[in-house]
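# Fold and contact review
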Amino acid sequence: MKILYLLIGGIIHSLLAQTLPYVIKIGAACIYLIGCLIGYYDGSDSRGEEGVIVILLPLTLFAIAIFLAILIVSNQAIFRKVEMRKSRYVIFSVASFVLFFSLSMLVFDPPNLT
């Protein structure tokens, strides 16, 4: 039964690892548009897009909140079911997340080797 819960944790980490680049891109775009509005950046490529921040900021906060909530709640629930030492479970969780993140980056955004 412990293996089943660890597999479920691996599946959850793989889904979160695949969505992490999109959450980062949405957050970076939101920070850039806020910087353009306050005058920190030039904003020459975002003229006429000032109204986008009204939609992008709540979307960014919602995406980050959902991402973190799934990560925290799923790890907490699986940790209770697995009954492992906390250090081993944290190492397993971080290793599986990094593994799936690197695999998804290699598959969906392969490096240019030429």
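Above this text you will find the structure in question.
Residues numbered from 1 in each chain as written. Predicted model: local features only at pLDDT ≥ 70, side-chain atom pairs only at ≥ 80, totals over all residues. Heavy atoms only, no water.

Below, the discussion takes up the packing of aromatic side chains. In the structure shown here, the tally under the stated rule is two aromatic pairs. Aromatic side chains F79 and Y89 sit 5.6 Å apart centroid to centroid with 45° between the ring planes, which places their arrangement in the tilted category. Of this pair, F79 sits in helix α2 (residues 52–82) while Y89 sits in helix α3 (residues 86–108), and the two are 10 residues apart along the sequence. The class of F79 is partly exposed, set by a relative accessible area of 26%. Ring centres of Y89 and F92 lie 6.4 Å apart, and the angle between their planes is 40°; on these two criteria the pair is classed as tilted. Within this pair, Y89 and its partner F92 are both found in helix α3, separated by three residues, close to a single helical turn. A relative accessible area of 28% means that F92 is categorised as partly exposed. Pairwise contacts between aromatic rings join F79, Y89 and F92 into one cluster. (Phe/Tyr/Trp six-rings, centres within 6.5 Å; stacked < 30°, edge-to-face > 60°. Helix = DSSP H or I, 4+ residues; strand = E, 2+ residues; numbered from the N terminus. Buried < 20%, exposed > 50% of the residue type's maximum accessible area, 1.4 Å probe, protein only.)

With that settled, the discussion passes to a nonpolar patch on the surface. Together, I34, L37, I38, Y40, L57 and L61 line one region of the surface with nonpolar side chains, adding up to about 640 Å² of accessible area. Of all the secondary-structure elements, those providing two or more residues to the nonpolar patch are α1 (2–38) and α2. Counting residues per element, the nonpolar patch draws most heavily on α1, at three residues. Position of I34 relative to the elements: it lies in helix α1. When its relative accessible area of 34% is taken as the criterion, I34 is described as partly exposed. (Patch = residues over 30% accessible without salt bridge, like charges linked within 9 Å, V, L, I, M, F, W, Y side chains within 5 Å. Areas by Shrake-Rupley, 256 points an atom, 1.4 Å probe, with all protein chains shown as cover. Salt bridge = Lys/Arg side-chain N within 4 Å of Asp/Glu carboxyl O.)

None of this, on its own, says anything about what the molecule does.
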